[in-house]
Amino acid sequence: MQLDFFDTTHNTILTTQSYDRFKRELIESNCTRCDLHKGRTQIVVDRGNSKSNIMLIGEGPGENEDKQGKAFVGRAGQLMDELFLEIGIDTSRDTLIANIVKCRPPENRAPHQEEAKTCMVFLKHQISLVRPKIILLLGATALKYLVPSKTKFSMNDEAGKFFTAPEFSETLLMVLYHPAYLLYDARKKTPMREHLLSLRELLKQNDWLPPPPVANGSRSAGISFPTR
Ligand code: SF4
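Residues numbered from 1 in each chain as written. Predicted model: local features only at pLDDT ≥ 70, side-chain atom pairs only at ≥ 80, totals over all residues.

**Considerations on the site of the ligand**
Then step 1. Taken together, 13 residues lie around the ligand, and Cys31, Cys34, His37, Cys103 and Cys119 are the ones closest in.
Then step 2. Taken together, the residues of the shell around the ligand break down into seven nonpolar, three polar and three charged. (Near = placed C-beta within 6 Å. Nonpolar A, V, L, I, M, F, W, Y, C, P; charged D, E, K, R; others polar.)

Next up, the structure:
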């Protein structure tokens, strides 16, 4: 059977072994596989470092992300960055951040099941290219869609836990509160900080801890990342 133009583009995105090419092809594809394409400004693939040991996965782009084409750059993203910096992790340098869906849902609603299912083929390939040691699932939507073997859960029970799942045989998983939830309920910052300290300890024990960020926030030249 001959592939049409769309199938060929889709096939290229999902078979490339180059992260940069995957990202470029997906952005340029102008994907219309689900209805979320109708309201987007642009496809938002990520923010951060694709060679990192740590991957963060949220729900979907918001207004700022849609405008800037980068994941987690609004108020919630800024809060997340501050909290991670407290444990010595610069999210742009030391993590790769992505979302369940790559186009902004209307009114920032959660993605519907069909939208998530359709778009996650890209996320799954993205994860296979990054090969993170640990995936941090930000909020219930990321947990629900990426780990369907977890049924009926409460975020208060799951947040802070490390676990493995059949869907990710080679990667450790951890659930964290979504930073937007911390903006809504600031009391959750206390347990979030405790969870991040546990994360830091785990990274340290496994020798996955990145080098300390430079004090003024600028990047130091020649940073080497932990051996994969
Ligand atoms: S959300 Fe994903 S599947 Fe839907 S249009 Fe955007 S890139 Fe395509």
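**Description of unusual backbone geometry**
Then step 1. Residue asparagine 30 is not a glycine yet carries a positive backbone phi of 50°.
Then step 2. Inspection of the secondary structure assignment puts asparagine 30 in the loop between α2 (19-28) and β1 (47-48).
Then step 3. What makes asparagine 30 exposed here is the crowd of 11 C-beta atoms within 10 Å.
Then step 4. Of note, the phi angle at phenylalanine 72 is positive, near 55°, even though the residue is not glycine.
Then step 5. Position of phenylalanine 72 among the secondary structure elements: in the loop between α3 (63-68) and α4 (75-86). (Helix = DSSP H or I, 4+ residues; strand = E, 2+ residues; numbered from the N terminus. Buried ≥ 20, exposed ≤ 12 C-beta atoms within 10 Å, placed from the backbone.)

**Topic: the environment of alanine 110**
Then step 1. Looking at the secondary structure, you find alanine 110 in the loop between β3 (95-99) and α6 (113-130).
Then step 2. If we skip the residues at most four places from it in the chain, alanine 110 touches Glu59, Pro105 and Thr141. (Contact = placed C-beta atoms within 7 Å.)

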